[in-house]
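The lines below spell out each chain.
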Amino acid sequence: MAEPVSKLAAGSVGTVGTVGTVETQYLDLPEPLRLDCGRELHPIRVAYETYGTLAPRRDNVILVCHALSGDAHAAGFAKTPPEESTRDGFAAEDRDGVARKGLGWWDGMIGPGKAFDTDRFFVVSTNLLGGCRGTTGPWSTDPATGRPYGTDFPVITVADMVRTERAFLNELGIERLAAVAGGSLGGMQAFEWAILFPDQVDAVVAIASTHALQPQGVAWNSIARDAIMRDPAWQGGHYHGTGRAPEAGLGVARMVGHVTYLSALALGDKFGRRLQFADDIRYTITEPEFEVESYLRHQADSFVKRFDANTYLYTSRALTYFDLARQYGHGSLARALEGVSARTLLIAFSSDWLYPPSGSGEIADALRALGKQVEFQVIEAPYGHDCFLLEEARQTPIIRQFLKRLA
């Protein structure tokens, strides 16, 4: 079913370089979705935003996919700013100033003249399946019980997220994508698109991503999930409506995750071993002594105000399951990528030890060996995995040139 074009317009017209003020919209999928775990899920609501103008032939669409803690609000100013911003990235407050809470999580990359140029492209961003920012997830009402699903929500995969996006775009009357783009987990979704729907995707832009999370990344994600599940307030995942939530566990999970997104150099440059409140230590084990400790507590306190602990569990599990060689190649990455027809741009960052450049390099090598069109760029930058959110100015010319060649 095609959505009327008038419903697909972007937010209000803004100044040059911004998509203006945008309001998140919602769409209910008409059919159940069959999941990799064997269960069917229905109903499914998808939260989304659009930026730019849809071409009459509906052939200028770029789907932007977010990372673990993102949402549908990728660009512009939220009509109703949230209590806490989804603008992740090292020292986001320093970067964004007072406008931070209303800005989309990838605002520096989406808009007129930016990497994903809304003067040319119609950009669509959705909250992924299992999310807690408007799309159906563990926080949603289970029609069988009338209560939030909690851990009765089915275990999902990145492929399930992509099939949801495909069903959603069908409802908008969008059959083909000029590109699918994203960083981290968003890049994983882009690879799934290229494999599951090879004749419907012209290009993939995967930034700070991989074909499978390395064992160290799997381990850190396991620690984060355990922090949540060992919090007594988690209550087996059925904490909604009880007056208690596993905020302590989720906060620790956020601290763990945030450190993995950074680099030793970035932490050293910003904090060193500076003390937080005094010129000397205070002999306390309960209060932060160092600036870096206080920073992590702040990250935790902010995160628990905007994110659902079960969503963290489900999304984290999905990205650790992700393994293209296992899923599609019987252990061979090259075999998994055989059917890819999209042109591929891979961007990695030198200091990213969670999603290291070697992972993108393995994808590039496999695609080249298959005779596929692929470009691979490594940007020298010190901020670790967070570079995909911070190094927007250096990514922009690379992406613009790549998308220009699509024409």
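Rules used throughout
Residues numbered from 1 in each chain as written. Predicted model: local features only at pLDDT ≥ 70, side-chain atom pairs only at ≥ 80, totals over all residues. Heavy atoms only, no water. Salt bridge = Lys/Arg side-chain N within 4 Å of Asp/Glu carboxyl O. Helix = DSSP H or I, 4+ residues; strand = E, 2+ residues; numbered from the N terminus. Buried < 20%, exposed > 50% of the residue type's maximum accessible area, 1.4 Å probe, protein only. Pairing = 2+ DSSP bridges. Axes fitted to C-alpha atoms, helices over the stretch in contact; angles between N-to-C directions. Contact = heavy atoms within 4.5 Å. Patch = residues over 30% accessible without salt bridge, like charges linked within 9 Å, V, L, I, M, F, W, Y side chains within 5 Å. Areas by Shrake-Rupley, 256 points an atom, 1.4 Å probe, with all protein chains shown as cover. 1 Å grid on protein atoms, 1.4 Å probe; cavity = no way out; pocket = protein on both sides within 12 Å on 5 of 7 lines; lining within 4 Å. Points joined across faces, edges and corners; volume = space filled by probe spheres on them. Expected span 1.5 Å × (residues − 1). Parallel < 35°, antiparallel > 145°, perpendicular 65-115°, else oblique. Left-handed = near helix turned anticlockwise from the far one by under 90°. Nonpolar A, V, L, I, M, F, W, Y, C, P; charged D, E, K, R; others polar. Core = buried A, V, L, I, M, F, W, Y, C linked by side-chain atoms within 4.5 Å.

### Re the pattern of salt bridges
Oppositely charged side chains may form a pair once their charged atoms are brought near each other.
Part 1: Applying the stated criterion to the full structure yields 16 salt bridges.
Part 2: Note that Arg400 and Asp117 form a salt bridge whose closest N and O atoms lie 3.4 Å from each other. One end of the pair, Arg400, is in helix α13 (residues 392-406); the other, Asp117, is in strand β9 (residues 116-117), and 283 residues separate them in sequence.
Part 3: The salt bridge partner of Arg394 is Glu391, with a shortest N-O separation of 3.8 Å.
Part 4: On the accessibility criterion, Glu391 (10% relative accessible area) is buried.
Part 5: When salt bridges that share partners are traced, they join Asp36, Asp160 and Arg163 into one network.

### Topic: the sheet that holds strand β13 (residues 343-349)
Part 1: Pairing within the open sheet is mixed, and its 8 strands lie in the order β2-β5-β10-β6-β11-β12-β13-β14. The sheet is open, and its two borders are formed by β2 (25-29) and β14 (374-379), each paired with just one other strand. Geometrically, the sheet is characterised by an average inter-axis angle of 20 degrees between neighbouring strands, direction not taken into account.
Part 2: Summarising the sheet, strand β6 (residues 61-65) and strand β11 (residues 179-183) pair through 4 bridges and their orientation is parallel.

### Some points on the environment of Gly17
Part 1: Examined against the element boundaries, Gly17 turns out to sit in the segment before β1 (21-22).
Part 2: You can call Gly17 buried: its relative accessible area is 17%.
Part 3: For the pair Gly17 and Asp107, spaced 90 residues apart in sequence, the C-alpha separation works out to 9.4 Å.
Part 4: Ignoring sequence-local partners within four residues, the contact set of Gly17 consists of Pro112 and Lys114.

### So, a nonpolar patch on the surface
Part 1: Side chains of Trp220, Ile223 and Trp353 sit close together on the surface and give an oily, nonpolar patch of about 270 Å² of accessible area.
Part 2: Mapped onto the elements of the fold, Trp220 is located in helix α4 (residues 215-229).

### What to know about the layout of surface pockets
Part 1: Considering only enclosed or pocket space, the largest pocket measures out at about 270 Å³ in volume.
Part 2: What lines the largest pocket is a set of 18 residues, among which Thr24, Glu49, His73, Thr80 and Arg133 lie closest to the centre.

### A word on helix α7 (residues 291-304)
Part 1: Given a rise of 1.5 Å per residue, 14 residues ought to cover 20 Å, and the 20 Å separating the end C-alpha atoms of α7 matches this to within 8%.
Part 2: Every buried residue belonging to α7 is among Tyr295, Leu296, Gln299, Ala300, Ser302, Phe303 and Val304, and all of these are buried.
Part 3: As for α7, its buried residues are in contact with α5 (247-260), α6 (264-271) and α8 (309-321).

### Details of the side chain of His258
Part 1: Checked against the element boundaries, His258 lands in helix α5.
Part 2: Apart from the residues within four sequence positions on either side, His258 is in contact with Tyr295, Leu296, Gln299 and Asp386.

### Some thoughts on the packing of α4 against α5
A pair of packed helices is captured by two measures, namely the crossing angle of their axes and the spacing between those axes.
Part 1: Contact geometry of α4 with α5 gives a least axis separation of 7 Å together with a crossing angle of 165 degrees. The angle between α4 and α5 falls in the class roughly antiparallel. Crossing angle aside, the handedness with which α4 passes α5 is right-handed. Listed contacts from α5 to Trp220, Ile223, Ala224, Ala227 and Ile228 of α4 are Gly249, Leu250, Val252, Ala253, Val256 and Thr260.
Part 2: Along the lines of polarity and charge, the residues of the contact of α4 with α5 split into 9 nonpolar, 2 polar and no charged.

### As for the nonpolar core
Part 1: Judged by nonpolar contacts, the single largest core of 74 residues is most densely connected at Phe168, Leu169, Trp193, Tyr312 and Leu337.
Part 2: Not counting chain neighbours up to four residues away, the residues in contact with Phe168 comprise Leu27, Leu29, Val46, Tyr48, Val124 and Thr126.
Part 3: Counting residues in each nonpolar core, the second largest holds 35 residues, with Val205, Ala208, Cys387 and Phe402 among its members.

### Considerations on empty space enclosed by the protein
Part 1: Summed over the entire model, instances satisfying the criterion amount to 3 cavities of 30 Å³ or more.
Part 2: Roughly 290 Å³ of internal volume is contained in the largest cavity.
Part 3: Lining the largest cavity are 25 residues, and of these Ala67, Leu68, Ser184, Tyr261 and His385 sit closest to its centre.
Part 4: Of the residues contributing to the lining of the largest cavity, the split by class is 14 nonpolar, 9 polar and 2 charged.

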